[in-house]
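Results of the structural survey
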Number of protein chains: 2
Amino acid sequence: MISILIVGKGNVGTLLNEAFHSIETLNVQWISSRDLITIPKTDITIIAVSDDAIETVSSKISTDFVVHTSGSMPLSALKNNTRKGVFYPLQTFSKNKKVDFTQIPFCLEATTEKDEKLLEKLAGFLSKKIYHISSEQRKAIHVAAVFANNFTNHMYKIAHDICNTHQIPIEILNPLINETAEKIKVLPPALAQTGPAIRKDVATIKNHLFLLTEKQQEIYTILTKSIQNDT
Amino acid sequence: MISILIVGKGNVGTLLNEAFHSIETLNVQWISSRDLITIPKTDITIIAVSDDAIETVSSKISTDFVVHTSGSMPLSALKNNTRKGVFYPLQTFSKNKKVDFTQIPFCLEATTEKDEKLLEKLAGFLSKKIYHISSEQRKAIHVAAVFANNFTNHMYKIAHDICNTHQIPIEILNPLINETAEKIKVLPPALAQTGPAIRKDVATIKNHLFLLTEKQQEIYTILTKSIQNDT
């Protein structure tokens, strides 16, 4: 039996609590970071709070082993005086959308092999995708994730805006969006690139710019240039 | 029985020929645009050639009904003196990757209702996603597709570059990429947006820029600004 305390009632805390609760060999407690007056003794305390609250919250915790769940904060952001670690599920979470934890990579970090094994065991209850990642590497993953998730989502947003402006049903793009995401699993994106930018099709690029707003034009131009400079 | 002639041996011509060949009520012939000396009489001639060859190739064809397969060219690019139409499958095609046509939206255009019905029937053999789209709308779809496909693929490319620089296995990003593509089917991308840009998390943005090359920084900055101005 492993005992866990989850601190934090945001998306990650809520979803981890739900996921862990179905596992019989775990004893899970879940509190808000506002309720840090009496902290139960557990094997692992998981702080799932916003990045800028990690220092303050961890400094108030004296249980044996404290980990945070942040992609962008180093292990040293933890200010407890006991053992430290990181338990970072690499995924985008929304409260109103169910998440399949078996498909989520866990990025783990600890200061001893024993603690690494403990985190591995814990992550292993939820997922088979376990990675040992240093604080420096995790920072890079977090930036890569901004491109693969936040910026990609913004590309979808602009594509939808263009469809809406021209009375085109947005779902017409879904198969293309799926195929683009699927293709890079078999073909590196550098080789999967198609379209007017990589073809240096000046006439089509000019026609496209004509249809866009000034802000969209700025993004179109810089990304077209970037695709062309990559080749 | 509908008889079809496909002109063009590129990706689209090759894949359409393959797909149509398995349908018993179609009689399919397939030639290269170089073999336009004797053109068989068919119900529909599909010109699947590069955009800038459509005018020349179509001007040499005198069969009854000629359509092109391009997303960015108007119906009027066809220079045959007979009936004209457009048969545009909205997808990214690579010769070395199989494509499931049942998932592909077909954007159809013709000048008479009878021709529209004929194209509907033909597209209906392959897919249930049939759209009647004007030349103006198709142009807009093509620009939207550049964002949803070409630019999104470039975001993946940069994300992979960052992972490679820091010795991180690129497949760690796949579940995030999948979830990002899936999420917008239930949540509009404007509402699905997460990350430091939308949170106006200046400290994280500054840390991220520090990890990037100059060219990556330029893209990061303009997209962060664009996400923030959207809200």
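The structure displayed is predicted, hence computed values, not measured ones.

Description of the pairing of strand 3 (residues 44-47) of chain A
Residue and element names in this part refer to chain A. Here strand 3 shows no split at all, with Ile44 and Ile46 on one side and Thr45 and Ile47 on the other all buried. Sheet topology note: the strand 1 (residues 2-7)/strand 3 ladder contains four bridges and is parallel. Across the sheet, residue Ile6 finds its bridge partner in strand 3, namely Ile46. For strand 3 and strand 4 (residues 65-68), the ladder comprises three bridges, and the chain directions are parallel. Looking at strand 4, one finds that Ile46 is bridged to Val67. In this view, the connection linking strand 3 to its parallel neighbour strand 4 by way of helix 2 (residues 54-59) has right-handed handedness.

Points about the interface of chain A and chain B
With 84 residues of chain A in contact, the opposing surface of chain B contributes 84 residues. Between chain A and chain B, the buried area comes to about 8,100 Å², and carbon and sulfur atoms account for 69% of it. At the surface where chain A touches chain B, the tally comes to four salt bridges. B:Lys157 is paired through a salt bridge with A:Asp230; the nearest N and O atoms lie 2.9 Å apart. Summed over the shared surface of chain A and chain B, the number is 26 residue pairs in polar contact (both at pLDDT 80 or more). Mapped by element, the contributors of at least two residues to the side of chain A that touches chain B are helix 4 (135-165), helix 5 (174-183), helix 6 (189-192), helix 8 (202-211) and helix 9 (214-229) of chain A. It is helix 4 of chain A that contributes the most residues to the side of chain A that touches chain B, 25 residues altogether.

What about the nonpolar core?
In this structure, A:Leu90, A:Phe147, A:Ile172, B:Leu90, B:Phe147 and B:Ile172 are the most contacted members of the largest nonpolar core, which totals 74 residues. At the level of secondary structure, the elements contributing two or more residues to this core comprise strand 5 (83-89), helix 4, helix 5 and helix 9 of chain A together with strand 5 (83-89), helix 4 (135-165), helix 5 (174-183) and helix 9 (214-229) of chain B.

Regarding helix 3 (residues 113-124) of chain B
All names here are of chain B. With 12 residues, helix 3 extends 16 Å between its outermost C-alpha atoms, agreeing within 8% with the 16 Å of an ideal straight helix rising 1.5 Å per residue. Within helix 3, the full set of buried residues consists of Asp115, Leu119, Leu122 and Ala123. Down the axis, helix 3 shows its buried residues gathered within 95° of arc, on one side only. Seen from the buried face of helix 3, the exposed residues on the opposite side, beyond 90 degrees, are Glu113, Lys114 and Lys121.

Details of the sheet that holds strand 7 (residues 130-132) of chain B
All names here are of chain B. If you walk across this open sheet you meet the seven strands as 2-1-3-4-5-6-7, and the pairing is mixed. Strand pairing shows two members of the sheet lacking a second neighbour, strand 2 (26-31) and strand 7, which therefore form its edges. Here the strands of the sheet are splayed against their neighbours by 25° on average, with no regard to which way each runs. Seen against the sheet, helix 1 (residues 11-21) touches strand 1 (2-7), strand 2, strand 3 (44-47), strand 5 and strand 6 (106-110) and runs at an angle of roughly 155° to strand 2. Together, strand 4 (65-68), strand 5, strand 6 and strand 7 form the strand contacts of helix 4, whose direction differs from that of strand 5 by roughly 25°.

Considerations on the domain arrangement of chain A
All names here are of chain A. By the assigned domains, chain A splits into domain 1 (2-133) and domain 2 (138-229). If you average the C-alpha positions of domain 1 and of domain 2, the two centres end up 35 Å apart. Taken together, the contact pairs 14 residues of domain 1 with six residues of domain 2. A buried area of about 740 Å², summed over both sides, lies between domain 1 and domain 2, and 61% of it is on carbon and sulfur atoms. Of all residues in domain 1, the largest losses of buried area upon contact with domain 2 belong to Gly71, Ser72 and Ile133, amounting jointly to 46% of the total for that side. With its nearest N and O atoms 2.7 Å apart, the salt bridge here joins Glu109 to Arg138. Linking domain 1 to domain 2 there are three residue pairs in polar contact (both at pLDDT 80 or more).

Rules of the game
- Residues numbered from 1 in each chain as written.
- Chains lettered and ligands numbered in written order.
- Predicted model: local features only at pLDDT ≥ 70, side-chain atom pairs only at ≥ 80, totals over all residues.
- Heavy atoms only, no water.
- Buried < 20%, exposed > 50% of the residue type's maximum accessible area, 1.4 Å probe, protein only.
- Helix = DSSP H or I, 4+ residues; strand = E, 2+ residues; numbered from the N terminus.
- Pairing = 2+ DSSP bridges.
- Right-handed = clockwise from strand over helix to strand, strands pointing away.
- Contact = heavy atoms within 4.5 Å.
- Buried area = accessible area lost by both parts, 1.4 Å probe.
- Salt bridge = Lys/Arg side-chain N within 4 Å of Asp/Glu carboxyl O.
- Polar contact = N/O pair within 3.5 Å; in protein donor to acceptor, adjacent residues only side chain to side chain.
- Core = buried A, V, L, I, M, F, W, Y, C linked by side-chain atoms within 4.5 Å.
- Expected span 1.5 Å × (residues − 1).
- Arc of directions from axis to C-beta.
- Axes fitted to C-alpha atoms, helices over the stretch in contact; angles between N-to-C directions.
- Domains from an automatic or database assignment.

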